[in-house]
Amino acid sequence: MILLAEAVVRVGESLVSSDLPLTERIRLLTDVDNEACKNFFEHVWVVECIEEQVNVRLMRIGEKVKEGKKETFVVDRAKNVAFPIIYPNGGNPLNAQGSYALPCYLMYDRHIKMLKNSGEFAKEMLFPRFERTLCMRHMDNEQKFSYAKKIADLLSRQVATFVYEEKQLGILMIVNPLFPAYQYASQQLDPQRYIKIGDSRIETDKSVYLDGKMLIEAIISARLDEAKTLGRDINQVSTFTNKIETEVVSIYNKSWLWLSSTWEAPKSIYWGDKEWTRGIKVDRHSYEAFLYGAQLLKQLTVSLSNATLKEIFSPHTNVEAKKKMKSSSFEKIFGVPLILPLHDGEVKQLFKKYRRILKKEEHSREALHMKLLAALDGIIVPESTDDYRLMLLYYSGDLSRGDVHIRAVIDDVIPSVASKVQQILKRLNRSELFSIRELFGLDRDENKEDVRLSSLPAMLANAYGPGCVWSSMQSVFHRQPIRMERICQVVARKLTELANKQQIFSMRQELVFYYSFMYFLDVYYQIVLNDQREGITLQDFLVLATKYHEGTITANDLTSPESLGFVSGLALRQFSRSYGAKTKKDFINHRVMKFGSKLNPEMIWKNGLIRCEELARQWDLGIKENFRTTLAYVLIGFLRAKEEGWLANKKEHMMTAFWSGYLMYDQVAKE
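A. Spotlight on the overall build of the protein. Helix and strand counts for the protein stand at 23 helices and 18 strands. A globule of 671 residues ought to have a C-alpha radius of gyration of about 26 Å, yet the protein, at 34 Å, is considerably larger. Each of the three principal axes of the protein carries a C-alpha extent, and together these read 115 × 60 × 50 Å. Among the 671 residues that make up the protein, the fraction classed as buried is 53%. Summarising the internal contacts of the protein: among those between residues at least 6 apart in sequence, 69% fall at separations of at least 24. Taken together, the 93 basic and 84 acidic charged side chains of the protein have centroids lying 5 Å from each other.

B. Just the pattern of salt bridges, in detail. Going through the model one piece at a time under the given rule, you end up with 35 salt bridges. The residue Lys64 makes a salt bridge to Glu42 at a minimum N-O spacing of 3.4 Å. Highlighted residues: Lys64 in strand β3 (residues 62-67) and Glu42 in the loop between α2 (22-29) and β1 (44-50), separated in sequence by 22 residues. Taking relative accessible area as the criterion, Lys64 reaches 41% and is therefore assigned partly exposed. Counted as one network, the salt bridges with shared partners bring together Glu24, Arg27, Asp33 and Arg77.

C. The arrangement of the environment of Gly378 in detail. Among the structural elements, Gly378 can be located in the loop between α11 (370-374) and β16 (380-381). On the basis of relative accessible area, Gly378 is assigned to the partly exposed category, the value being 38%. Spatially, the C-alpha atom of Gly378 lies 9.9 Å from that of Leu358, the residues being 20 residues apart in sequence.

D. Spotlight on the sheet that holds strand β11 (residues 244-250). If you trace the three strands from one edge of the open sheet to the other, you get β10-β11-β12, paired in antiparallel fashion. The outermost strands of the open sheet, each flanked by one partner alone, are β10 (232-237) and β12 (281-282). Lying over the sheet, helix α6 (residues 212-228) contacts β10 and β11, oriented at roughly 75° with respect to β11.

E. Molecular detail of helix α7 (residues 284-300). Under the 1.5 Å per step criterion, the end-to-end length of α7 is 24 Å for 17 residues, consistent within 8% with the ideal 24 Å. Taking burial as the measure, the 17 residues of α7 include 13 buried ones, the bulk of the element. Structurally, the start of α7 carries an N-cap: the backbone nitrogen of His285 is 3.3 Å from a side-chain oxygen of Asp283.

F. Expanded view of the nonpolar core. By size, the foremost hydrophobic cluster in this structure holds 229 residues, and its most contacted members are Phe83, Tyr394, Phe517 and Phe520. The element contributing the most residues to this core is helix α16 (residues 504-527), with 14 residues. Discounting residues that sit within four places of it in the chain, Phe517 has contacts with Met459, Leu460, Ala463, Tyr464, Ile482, Met484 and Ile487.

G. The pairing of β10, seen in detail. Across five bridges, the pairing between β10 and β11 is antiparallel. In the strand pairing of β11, Gln236 is matched with Glu245.

H. Region of the structure containing the sheet that holds strand β9 (residues 207-211). Taken together, three strands build an open sheet; the order of strands is β7-β9-β8 and the sheet is antiparallel. Each having just a single partner strand, β7 (182-185) and β8 (194-199) make up the two edges of the open sheet. Averaged over all neighbouring strand pairs, the angle between strand axes comes to 30°, with direction disregarded. Sheet analysis places β8 next to β9, joined by five bridges and oriented antiparallel. Paired with Gly198 across the strands is Val208, a residue of β9. Of the strands in this sheet, β8 and β9 touch α6, which is tilted by about 50° from β9.

I. Geometry of the side chain of Asn80. Here Asn80 lies in the loop between β4 (70-75) and β5 (104-107). Setting aside its immediate chain neighbours within four residues, Asn80 contacts Arg27, Val32, Asp33, Phe41, Ile61 and Val75.

J. Looking closely at helix α1 (residues 2-16). Between its first and last C-alpha, α1 extends 20 Å over 15 residues, near the 21 Å set by a 1.5 Å rise per residue. Those residues of α1 lying buried are Leu4, Ala5, Ala7, Val8, Val9, Val11, Gly12, Ser14, Leu15 and Val16. Residues of α1 that are buried in the fold lie against α2, α7, β14 (333-341), α10 (347-359) and β17 (388-398).

K. Structural view of the environment of Glu166. Here Glu166 is to be found in the loop between α5 (141-158) and β6 (170-175). On the accessibility criterion, Glu166 (51% relative accessible area) is exposed. Glu166 has contacts with Asp109 and Lys113, leaving out every residue within four places of it along the chain.

L. Spatial organisation of the packing of aromatic side chains. Applying the stated rule across the entire model yields 26 aromatic pairs. Seen from their ring centres, Tyr105 and Phe130 are 6.3 Å apart, and the 45° between their planes marks the pair as tilted. Taken together, the positions of Tyr105 in strand β5 and Phe130 in helix α4 (residues 118-130) put the pair 25 residues apart, joining distant regions of the chain. Residue classification places Phe130 among the buried positions, given a relative accessible area of 0%. Ring-pair connections join several aromatic residues into one group, and the members of that group are Tyr464, Phe513, Phe517, Phe520, Tyr524 and Tyr525. Sitting over the ring of Tyr388, Lys353 keeps its end group 4.9 Å from the ring centre. Across from the ring centre of Tyr662, 5.5 Å away, lies the NZ or CZ of Arg573, which sits over that ring.

M. Region of interest: the packing of α16 against helix α23 (residues 651-670). Packing of α16 against α23 leaves a shortest axis separation of 11 Å and a crossing angle of 115°. Classed by the angle they form, the pair α16 and α23 counts as roughly perpendicular. Crossing of α16 over α23 shows left-handed handedness. Taking contact as the criterion, the partners of Ile504, Met507, Arg508, Leu511, Tyr514 and Tyr515 in α16 are, on α23, Thr656, Trp659, Ser660 and Leu663. Considered class by class, the residues forming the contact of α16 with α23 number seven nonpolar, two polar and one charged.

N. The environment of Leu297, seen in detail. Relative to the assigned elements, Leu297 resides in helix α7. What makes Leu297 buried here is its relative accessible area of 0%. For the pair Leu297 and Val11, spaced 286 residues apart in sequence, the C-alpha separation works out to 8.7 Å.

O. The arrangement of unusual backbone geometry in detail. At Asp205, a residue that is not glycine, the phi angle is positive and equals roughly 60°. The residue Asp205 is located in the loop between β8 and β9 in this model. Accessibility expressed as a relative area gives 69% for Asp205, which makes it exposed. Despite not being glycine, Arg479 shows a phi value in the positive range, around 55°.

Each value, and the rule that gives it
Residues numbered from 1 in each chain as written. Predicted model: local features only at pLDDT ≥ 70, side-chain atom pairs only at ≥ 80, totals over all residues. Heavy atoms only, no water. Helix = DSSP H or I, 4+ residues; strand = E, 2+ residues; numbered from the N terminus. Rg over C-alpha atoms; globule rule 2.2 N^0.38 Å. Buried < 20%, exposed > 50% of the residue type's maximum accessible area, 1.4 Å probe, protein only. Contact = heavy atoms within 4.5 Å. Lys, Arg positive; Asp, Glu negative; His and termini not counted. Charge placed at Lys NZ, Arg CZ, Asp CG, Glu CD. Salt bridge = Lys/Arg side-chain N within 4 Å of Asp/Glu carboxyl O. Pairing = 2+ DSSP bridges. Axes fitted to C-alpha atoms, helices over the stretch in contact; angles between N-to-C directions. Expected span 1.5 Å × (residues − 1). Polar contact = N/O pair within 3.5 Å; in protein donor to acceptor, adjacent residues only side chain to side chain. Core = buried A, V, L, I, M, F, W, Y, C linked by side-chain atoms within 4.5 Å. Phe/Tyr/Trp six-rings, centres within 6.5 Å; stacked < 30°, edge-to-face > 60°. Lys NZ or Arg CZ within 6 Å of the ring centre and 35° of its normal. Parallel < 35°, antiparallel > 145°, perpendicular 65-115°, else oblique. Left-handed = near helix turned anticlockwise from the far one by under 90°. Nonpolar A, V, L, I, M, F, W, Y, C, P; charged D, E, K, R; others polar.

This is the structure:
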């Protein structure tokens, strides 16, 4: 967790030292733009208190917009930043939680209904929050309660008439010039620093403003105050600066519930309830960076689509089981990309990159599309040099409850490597896939997306299985070899299952995926690893198909399980076409496969190829000469396969290649 927290701090450093406007900083550090908070802005009560004078006004920060038959409240983003609310993470939202930078509180329906009873409202709603509000720390409990009673009485008299039976949400802000963040002015103040709340109801010809700079300091102080409840030390070494700091606090908090104190995993049994600094000690500056970084990552976090989750986590060896799985039956998984600089001097540039991601600006061809590389839809990482590293973080669970389960952390991804992988995937989906589909007699629909190949995680999950998706992604991004062995076994098993059910179309689809993945692997070895992958390729098979139709196959062409299986598939398909024309029966189902059995190389050899010549003469099939020329070499090849153990040890390779030749024959013959 220290490494993860350090990454968040480094991300946040780019915002702390940036020229980000104060209003944007407030948006990051609060929940004014949180979709869950929009309806609170429909009823905003601003209470002004100047000495003995008290006044209240009801505001609406936004307007209702009709979308079809439904009305939706749309918040006015030009004004909502003046009300720095914090949405509670977990716990009972009706109760006061954490620390408040300003007396600006969310009002739930129960609170609004309390307005009719000023005593209850002062005791249950206001006083507990006043105790946790930083700018009221100078007041003793008697003063706080008296202050709460004064405001509650005013609200009960003037606002109770606006309380309805239906559910209401709102915001209560208390303005007092004694609180440092508030300013009264008769002239327009600098909008770069001051945020207008509205015109004063007490001070004639004056407006009320929030001092943005002081507000941000107060928000950081409030968060730091929350952290102190779990641990605080004096003159200790900060985990991140590695220097002795005047004050350090615990980093575990509710700002980003990855590091919530409700998560017991990082806590030693030897720590006390307020000794969390024994885990991670953080100084004020690093904590501020952590808060910014955590809020930024919230905005970058996206959930994987249901279609992608199905591809990743469905049973990958059973076609029927996968078909029956519902896309909505999988637990949600969330992902977030982090861009981290290798050198401290790149901090300013880093902020610009994050800003471009959030604004969804136009990007160059070298930009990294996270949907393709990581199944994170809608996120495009700007082009980067190798002075940066990319980290991909995946988790599941309910973040609002601190119930987080890390699925994977893929770190140290070099941008140039990710870019090369992206090029391969793009080329595969934009051109090669359609050629492969055409090769197996499927429709060349260039607008049809294959979800299995739409992202690297989905493709690797279909190739290696759900249990290997994260480790195989790590291998790809770290320039490590990945193999064809496992996918060959999986596809052979699927093809056998589908062949028994005579689902030829599905078999073709499985082979399209198989050869698409083979293409990816071949180019990955060439471009990323600067190496040549061992084993036969699709191009090798096409050469064999050409030689087969020319009748020039020799024993030297059948020296591997794959080449022998492929050519035997071509041969049996050619024979089956002639046999079917005469008998109106499918040769494989009628003669080769025994009832209830699964086709294997032994059956292809003994029940199929050996009997071809006899049946050809019996039925006077008149097969072309290239078949007889090749058949002799194939039969010799099977004798050799028997001696070398291929029929048992390499049966998956042989069967995948066999069905490839069998189902590719018609298209190749046509060409």
